[in-house]
Every structure is written in C-alpha cells, then in structure tokens.
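Notes for the structure review
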Protein chains: 2
Amino acid sequence: MVLVTTGLRERKKLRTRRRLGTAALDLAVRHGLADVTVEQIAEAAEVSPRTFFNYFSSKEEAVVAAGVEHARELADRLAARPADEPVMASLRAVMRELLGESAPPKEWVAQVRLVRANPALLPHQLAAHAQIEHSLRVVLAERTGLAPDDLHPALTAAAVMAAIRVATDRWLGSDEHADLGDVIDDALDLLAGGLRHPSRAP
Amino acid sequence: MVLVTTGLRERKKLRTRRRLGTAALDLAVRHGLADVTVEQIAEAAEVSPRTFFNYFSSKEEAVVAAGVEHARELADRLAARPADEPVMASLRAVMRELLGESAPPKEWVAQVRLVRANPALLPHQLAAHAQIEHSLRVVLAERTGLAPDDLHPALTAAAVMAAIRVATDRWLGSDEHADLGDVIDDALDLLAGGLRHPSRAP
DNA sequence: GCCGAACTTGCAGTCCGTGCAGATTTGCAC
DNA sequence: GTGCAAATCTGCACGGACTGCAAGTTCGGC
C-alpha cells in the first residue's frame, strides 16, 4: 500500500496528466483562457481530445491541476518534519522550502496570476485548494494524534490554507515587491495570535 | 449612491434573479443536478433560456446564488451591530440571528446538502463563499478602521468563513444532530485561541 | 404621449462533455 | 516469448452548454 512500485502503466499515466496540465497552463497564459480549446490542449500533449476528458473534466481543472500536484508536496514535506516540532513552526519551514528560499516557482506564479486575470478560474482554483486542505488535514491529524475528522485539524488546515491564499493575493496585489515568505509568516503570526486586533499589541 | 430608490426595473430584475436561483435549487434537489437542463430552469422561472444566461453563466452558479444572497445578510447585520462590540462577539451574535435561534433556514440546508451530494458544485460553492468573504472583509475593515486591503481584515474574514465552512461540514457529517450554532461557536473559539493544540489546555 | 435606454428573446453557431464500442497497450503468468 | 485479461486510448455521435448578434419589448424621465 505504501510501496506501490509505480509500474510503467502508472508512470505513463502520470506523465500524460502532467503534459496535459502544463500544456493547458502554457496555452492559457499565451493566448488567454477563452481562446484555448480542449482540442488544442490535447494536440499539444499529443493525445486525442477524447483522452483529455479521461484525465480532466474541463480545461479549467487542467489549468489548476498543475498547482495541485505541486502543492501536494506541502503535505509530504510536512509529514517528514520532526514529530516534536510545533505545527506552526513546521508549516513555516515547509513553506520556506517550497518557496525556494528566494523566488517562488515560476509555474506557480504563472498560475496564480492567470487566475487573477481570469475570474472564471477562481472556482476551480478554490476547489484545488480544498484538495490540498484535505491532505493537510490528514497530516495534521496524524501529528496531533486526533481523529482526521476532528474539528481542530480540520479548522487548522482550513485556516492555514486561507492564510496562504490571502497572503498570496496580497503579494500579487503589491506587484510582488515584498518577499512572499515574509507575508505568509505575518499571516500565520496573526492566526497564531488569535486574530487579535493589531492596535492592541503595539 | 447609498440610496438607490430601487425602481420597478431593478426590483423586477432582482425578482427574476431570485426566481431563477430558487428554481435551479429546487429542480436540482428534486431530480438531481445532472438531470436538470437550463431550459427547464428557465421554464420554471418563466423566462427564455437565453435570458437565463443574462443572469448566470451556468446552472451551477444559479444553484449556489441563492446562498450568496441569503448570506449577504451576514455583512449587513454585522454592520448594524454596535461599533464598540468586539468583532468576534458581533460575529457570534449575527450567526445566531441568521440561524434563526433554533433551526437553520431550510433553503440553506438544502443547498449545502446538495453540494455534499454533488461534488461538481463544490467549486461554485467555494466561489460563492469568496464573494461573502469579500463583503465580510469590507465590513471588518470599516469596524477596525483599517484599510480594506490590509492583511488583518482580509485574513480575519477568510478565517471566519473557513470556520463556518468547516463547522457546517462537521455538522452535516454528524447527521445534523448537534446545534449548528454551537459547532460554529467552538470553531470561533479555536480561532480566537490561536488554534492552540487542545491537549495543552485541560 | 414620446424617446432613449435597458431588458428580453430567438437564432445560429461553436465548443463542451459523455456514452459506447472497437483498437491498442500493459502487466503478469506460464 | 507467448498468450491472456485488464486497463487505456481513440473515433464517433449526440445532446446540452454558452455566446454574439439583431430585432422586438418594456421601463423611466421629460
């Protein structure tokens, strides 16, 4: 179960999925989402249009799927942190790792920018976040020894994802001047402080 | 600007929008989302199919739109609370009001249940939440005197919406036995406490 | 009453998304 | 390495989603 000896079959499927995802993102960035058809995406990924729908149920889903895979790293790396480390500290460390210490991954930036420019993608972006949130919740439950459907891990995962989302949005809005890691840290600080009004803590 | 003397034109539009929304929700609950066509929704609302698309860009959006309008109450009522009341206290009070002191509004329950039964709606549900979150953020910014795009009101709004979402999900998962207001209160307590691990507090 | 603006509608057309059935490929046992 | 069962890919066909456009209809102000 844990060791699934990824056979040729599964590896090929994963590669096809990635090709479709990156092709969708790439084409959408270049020509605008509205002017990209499933047929074009399929052609770029060298599969038939019908096969596209075996992997994704819409082009919007394909565009954000790249981000999902990329962000699943979050859960994996979190699970790899020392078990006695405080949760928030683990999260900060993992986010720093994922942000590459300096510049955020180019593909990820392209994706969030595309969503900004194209509101029709927002629903699917949020759905992708929900998937990540679920992975996060499972890991947090294991770490804290609570049930996966307990309120605490569920809310923590949701709040952390909200913090990342808000911080990213702020970062994009400020023309990406600040360091994204710092903005996320600020957001996590606010969460850990119980969202107290800042004017009370000067 | 503030007083827009809702003329007949605008009232009629609003009524049409509501009719379409409730018709969509009603039909989807009764026949299943997949078996409902835009044509049916339009007919139930007594407009042409083409007009449906003047109001909504998909049937999924129409189904969750009812919830959006209903939840815009949240922001309005929050703005009406005394300005010196702590934000969290205002939120609790408003949520209690909206939940009708005893049973949550039937239409709202129908909607969240439908989303549960039909994952294809989740993206649109989340997008609707994002709209509510935005209204919430504006009100919170006014109350705290911070800029609307400041991190604090933005994150607070997002975290509170996350709490409501997680609490609702839990409540649905527990066969709606507990009192939803209590579950939401628990979630807000966790938020206000900085999401501290519960085992550290007893 | 009358006029401009806003709203509704039908029509035509493109693309989406799915069920199905037949090829093709893969994993596995022998 | 051969053969078989299962998984996957593909083309076809079809109904529905969604949009631009132009004509008709209704509303609000004068």
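Summarised in this report is the structure supplied together with it. Positions within a chain are numbered from 1, following the residues in the order the chain's sequence is written. Just so you know, chain letters begin at A and ligand numbers begin at 1, following the order they were written in. With the structure being a predicted model, the display of local features is reserved for residues of pLDDT at least 70 and the display and counting of side-chain atom pairs for 80 or more, all residues being used for whole-chain, interface and lining totals. Note that the side-chain values use all heavy atoms of the structure and ignore hydrogens as well as water.

Residue and element names in this part refer to chain A. For this document, the term salt bridge refers to a Lys or Arg side-chain nitrogen within 4 Å of an Asp or Glu carboxyl oxygen. Considering all chains together, one arrives at 30 salt bridges over all chains under this definition. R92 is paired through a salt bridge with D185; the nearest N and O atoms lie 3.4 Å apart. Highlighted residues: R92 in helix α5 (residues 87-98) and D185 in helix α9 (residues 180-192), separated in sequence by 93 residues. Three labels apply to residues, based on accessible area from a 1.4 Å probe with only protein chains included: buried if under 20% of the type maximum, exposed if over 50%, partly exposed otherwise in between. Residue R92 is classed as partly exposed on the basis of its relative accessible area, which comes to 21%. Under the relative-accessibility criterion, D185 is labelled buried at 18%. One salt bridge connects R113 with E176, and the closest N-O pair in it is separated by 2.6 Å. Of this pair, R113 sits in helix α6 (residues 106-117) while E176 sits in the loop between α8 (151-173) and α9, and the two are 63 residues apart along the sequence. For the purposes of this entry, the term helix denotes a DSSP run of H or I that reaches at least four residues, the term strand denotes a run of E that reaches at least two, and both are numbered from the N terminus.

So, on to the relation of the copies chain B and chain A. Only residues with pLDDT of at least 70 in both copies contribute their C-alpha atoms to the least-squares superposition of the copies. When chain B is fitted to chain A, the residual RMSD is 0.0 Å, and the transformation amounts to a turn of 180° plus an axial shift of 0.0 Å. A rotation of that kind, with that shift, is consistent with a two-fold axis. When the interface residues of chain B are mapped onto chain A, 100% of them are again interface residues, pointing to one common binding face. Contact between two residues is taken to exist if any of their heavy atoms lie within 4.5 Å; hydrogens are not considered.

For the rest of this paragraph, the subject is the packing of helix α6 (residues 106-117) of chain B against helix α8 (residues 151-173) of chain B. Residue and element names in this part refer to chain B. Fitted lines through C-alpha atoms give the axes, limited to the stretch in contact for helices. The angle between two N-to-C directions lies from 0 to 180 degrees. Packing of α6 against α8 brings their axes to within 11 Å, and their N-to-C directions diverge by 80°. The orientation of α6 with respect to α8, classified from their angle, is roughly perpendicular. Of α8, the residues touching α6 (which contributes W108, V109, V112, R113 and R116) are T168, D169, W171, L172 and G173. Under this scheme an angle from 65 to 115 degrees is roughly perpendicular, one under 35 degrees roughly parallel, and one over 145 degrees roughly antiparallel; angles in between are oblique.

Residue and element names in this part refer to chain A. To estimate the expected span of a helix, subtract one from its residue number and multiply by 1.5 Å. Under the 1.5 Å per step criterion, the end-to-end length of α5 is 16 Å for twelve residues, consistent within 8% with the ideal 16 Å. Listed as buried for α5 are M88, S90, L91, V94, M95 and L98. Each buried residue of α5 lies within a common arc of 155° when the element is viewed along its axis, so the set occupies one face. Taken together, the buried residues of α5 touch α4 (59-80), α7 (122-144), α8 and α9. G100 sits one or two residues past α5 and shows a positive phi near 70°. An arc is given here, and it is the one of the directions from the helix axis to the C-beta atoms.

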